2 protein chains.
Amino acid sequence: MASPEIDALTQALSRLPGLGPRSARRAVLHLIKRRETALAPLLRALAAVEERLATCGICGNVDTTDPCAICTDPRRDARSLCVVEEVADLWALDRARLFPGRFHVLGGRLSALEGVRPEDLAIDALLRRIEAGGVDEVVLAMNATLEGQTTAHYLAERIERFPVRVTQLAHGLPVGGELDYLDEGTLAQALRARRPVA
Amino acid sequence: MASPEIDALTQALSRLPGLGPRSARRAVLHLIKRRETALAPLLRALAAVEERLATCGICGNVDTTDPCAICTDPRRDARSLCVVEEVADLWALDRARLFPGRFHVLGGRLSALEGVRPEDLAIDALLRRIEAGGVDEVVLAMNATLEGQTTAHYLAERIERFPVRVTQLAHGLPVGGELDYLDEGTLAQALRARRPVA
């Protein structure tokens, strides 16, 4: 019974991850009750992003400039290259501000099941970046899944012929992890990678 | 480290009810990875609503036309008037498609605590609609809260002088309600309003 425009907005919002039909309706009500303070700012923000959205030609990050802000930041150490599966992973690592180098987004992970082959990912672009020189270390920051680790192994083999250090994220107990709630895989990894007490 | 435009969009989305900073970031990533299929449609939907948004001069509903689609629908029974606190309540009742009449939105409920007095609500407009005639029944569909019920009592008194039937939503067990999980207030209401088994 709502107007077609309001229905269309509800539907567009309900397709966002984390929002279903019910919460999308609540969001629409929130927006239309606050036309100046919520609807207009969201519209402006969305239009600005839509207008300028670009994929970085160097690393594959999505930003409003190409090259992206990370690739052009002179304070970042270009000798360290962190390889991730998806833009979301890049953002997660960058949010923590723990990695001072640059990134490379593969655009997925190798998957026999989903038919994702090496040529479907930005692997050649990665190898060209390494070949061009100036990189000392490649950090493989794949997900700790079977496919992520398969991808990491494959990349490690391909990078072997370059004079760079190849590392990967440590696996083990997450911060706050309680042993009797963790899965056996994590416990096995943590035990296998145990280290001497300093 | 994301661009200011992307940050602004994340912030605007994170202010929607049901979305926090984390889910807003996921939503932004979803949008920028699907520029044509998600971002552009949402932008269009939002712009269309922003452009046409109007509050119905008759009932207080928010729609893209004034009078709203409900007030101008000839299939609706103008003799039944359902009074609700908020636009959200109107939508909830209308979604269920159980009420075939028209609505009146008060824009809140009486509240000594929040300093909401009768003149702050669309009560005079309601009385004028009833006074204009053509209304047989006024359904008071306030929330089953102290303030909602206070508002309903107040409205019932004000409407008394008109030759209309005043009713209110039944209180009792919700569908699927299990007695030992329900609060005492609901049980008391259900017991007080008990009916002979048909």
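Thresholds applied
- Residues numbered from 1 in each chain as written.
- Chains lettered and ligands numbered in written order.
- Predicted model: local features only at pLDDT ≥ 70, side-chain atom pairs only at ≥ 80, totals over all residues.
- Heavy atoms only, no water.
- Axes fitted to C-alpha atoms, helices over the stretch in contact; angles between N-to-C directions.
- Helix = DSSP H or I, 4+ residues; strand = E, 2+ residues; numbered from the N terminus.
- Parallel < 35°, antiparallel > 145°, perpendicular 65-115°, else oblique.
- Left-handed = near helix turned anticlockwise from the far one by under 90°.
- Contact = heavy atoms within 4.5 Å.
- Nonpolar A, V, L, I, M, F, W, Y, C, P; charged D, E, K, R; others polar.
- UniProt positions renumbered as here; feature names shortened; annotations may be inferred.
- Pairing = 2+ DSSP bridges.
- Buried area = accessible area lost by both parts, 1.4 Å probe.
- Salt bridge = Lys/Arg side-chain N within 4 Å of Asp/Glu carboxyl O.
- Polar contact = N/O pair within 3.5 Å; in protein donor to acceptor, adjacent residues only side chain to side chain.
- Buried < 20%, exposed > 50% of the residue type's maximum accessible area, 1.4 Å probe, protein only.
- Least-squares fit on C-alpha atoms with pLDDT ≥ 70 in both.
- Lys, Arg positive; Asp, Glu negative; His and termini not counted.
- Domains from an automatic or database assignment.

Engineer: In this structure, what is going on with the packing of helix 1 (residues 4-14) of chain B against helix 2 (residues 21-33) of chain B? I would like to understand it.
Structural biologist: Helix packing geometry: the angle between the two helix axes and the distance between the axes. All names here are of chain B. Contact pair helix 1 / helix 2: the axes reach a minimum separation of 8 Å and the direction vectors enclose 125°. Relative to helix 2, helix 1 is oriented oblique. Every pair of crossing elements has a handedness; the one defined by helix 1 and helix 2 is right-handed. Of helix 2, the residues touching helix 1 (which contributes I6, L9, T10, L13 and S14) are P21, A24, R25, A27, V28 and L31. Its residues assigned to classes, the contact of helix 1 with helix 2 comprises eight nonpolar, two polar and one charged.

Engineer: I'm lost on the UniProt feature "zinc finger region: C4-type" (unreviewed entry) in chain A in this one. Help?
Structural biologist: UniProt's entry tags residues 56-71 of chain A with the feature "zinc finger region: C4-type" (unreviewed entry), counted in the numbering of this structure. End-to-end, the C-alpha atoms of residues 56-71 of chain A are 8 Å apart, and along that stretch the chain is 0% helix and 12% strand.

Engineer: Would you take a moment to explain the sheet that holds strand 3 (residues 77-84) of chain B for this structure?
Structural biologist: Residues and elements named next belong to chain B. With respect to topology, four strands assemble into an open sheet ordered 4-3-5-6, the strand pairing being parallel. Of all the strands in the sheet, just strand 4 (101-105) and strand 6 (165-168) have a single pairing partner and so form its edges. Strand-to-strand twist in this sheet, taken as the mean axis angle between neighbours without regard to direction, amounts to 25°. Where strand 3 meets strand 5 (residues 137-140), four bridges bridge the pair, whose relative direction is parallel.

Engineer: Would you take a moment to explain the interface of chain B and chain A for this structure?
Structural biologist: When the parts of a complex come together, some accessible area is lost, and that lost area is often used as the size of the interface. Listed as interface residues are 50 residues of chain B and, on the opposing side, 50 residues of chain A. Interface of chain B and chain A: buried area, both sides summed, is about 5,000 Å²; carbon and sulfur atoms make up 72% of it. One salt bridge connects E86 of chain B with K33 of chain A, and the closest N-O pair in it is separated by 3.6 Å. There are 12 residue pairs in polar contact (both at pLDDT 80 or more) connecting chain B and chain A. Elements with a minimum of two residues in the side of chain B that touches chain A: helix 1, helix 2, helix 3 (35-52), strand 2 (62-63) and helix 4 (87-95) of chain B. For the side of chain B that touches chain A, the element with the highest residue contribution is helix 3 of chain B, accounting for 13 residues. Here the residues of the side of chain B that touches chain A sort into 30 nonpolar, four polar and 16 charged.

Engineer: Sorry if this is basic, but what is going on with the environment of T186 of chain A here?
Structural biologist: Residue and element names in this part refer to chain A. Looking at where T186 falls in the secondary structure, it is placed in helix 7 (residues 184-192). For T186, a relative accessible area of 19% translates into the label buried. On a C-alpha basis, the gap between T186 and G172 in space is 5.9 Å, while along the polypeptide they are 14 residues apart. Every residue in contact with T186, bar those within four places of it in the chain, is listed here: G172, L173 and P174. A polar side-chain atom of T186 sits 2.6 Å from a polar atom in the side chain of D183.

Engineer: Quick question: what am I supposed to make of the environment of P41 of chain B here?
Structural biologist: Residues and elements named next belong to chain B. As for its placement among the helices and strands, P41 is situated in helix 3. Spatially, the C-alpha atom of P41 lies 10.0 Å from that of L31, the residues being 10 residues apart in sequence. The contact partners of P41, leaving out residues within four places of it in the chain, are R35 and E36.

Engineer: Honestly, the relation of the copies chain B and chain A in this entry has me stumped. Any pointers?
Structural biologist: Rotating chain B by 180° and translating it 0.1 Å along the rotation axis places it on chain A, where the RMSD comes to 0.1 Å. Overall, the copies show the geometry of a two-fold rotation axis. Closest approach to the rotation axis within chain B is made by the C-alpha atom of L43 of chain B, at a distance of 3.4 Å. Of the residues that chain B buries at the interface, 100% are likewise interface residues in chain A, meaning the two copies contact each other through the same surface.

Engineer: Looking at this model, I keep getting lost on the sheet that holds strand 5 (residues 137-140) of chain A. Mind explaining?
Structural biologist: Across a sheet, strands are paired by hydrogen bonds formed along the backbone, either parallel or antiparallel in direction. All names here are of chain A. Spatially, the four strands line up as an open sheet ordered 4-3-5-6, and their pairing is parallel. The open sheet has two free edges, formed respectively by strand 4 (101-105) and strand 6 (165-168), since each of these has just one partner strand. In this sheet, adjacent strand axes meet at a mean angle of 25° when their direction is disregarded. Direction of pairing for strand 3 (residues 77-84) relative to strand 4: parallel, over a ladder of five bridges. Directly across from C82, in strand 4, lies its bridge partner F103. Packing of helix 4 (residues 87-95) onto the sheet brings it into contact with strand 3 and strand 4, and relative to strand 4 it is tilted by some 160°. Relative to strand 4, helix 5 (residues 123-131) is tilted by about 150°, and along the sheet it contacts strand 3, strand 4 and strand 5.

Engineer: Looking at this model, I keep getting lost on the side chain of R129 of chain B. Mind explaining?
Structural biologist: Residues and elements named next belong to chain B. Position of R129 relative to the elements: it lies in helix 5 (residues 123-131). One buried charged residue, R129, forms no salt bridge at all, with the nearest opposite charge on D66 at 11 Å. Setting aside anything within four residues of it in sequence, one finds R129 in contact with I58, C59, L81, R102, F103, H104 and V135.

Engineer: It is not clear to me how the domain arrangement of chain A should be interpreted in this structure. Could you clarify?
Structural biologist: Each domain of chain A was delimited in the assignment, giving domain 1 (4-52) and domain 2 (75-168). Its C-alpha centre places domain 1 of chain A at a distance of 35 Å from the equivalent point of domain 2 of chain A.

Engineer: I'm lost on the pattern of salt bridges in this one. Help?
Structural biologist: When the charged atoms of two side chains with opposite charge come close together, those side chains can pair. If you walk through the whole model with that rule in mind, you get 24 salt bridges over all chains. With its nearest N and O atoms 2.2 Å apart, the salt bridge here joins R52 of chain A to E5 of chain B. You can see R52 of chain A sitting in helix 3 (residues 35-52) and its partner E5 of chain B sitting in helix 1, one on each of two chains. For D73 of chain A, the salt bridge goes to R75 of chain A, with nearest N and O atoms at 3.2 Å. For D73 of chain A, a relative accessible area of 8% corresponds to the buried category.

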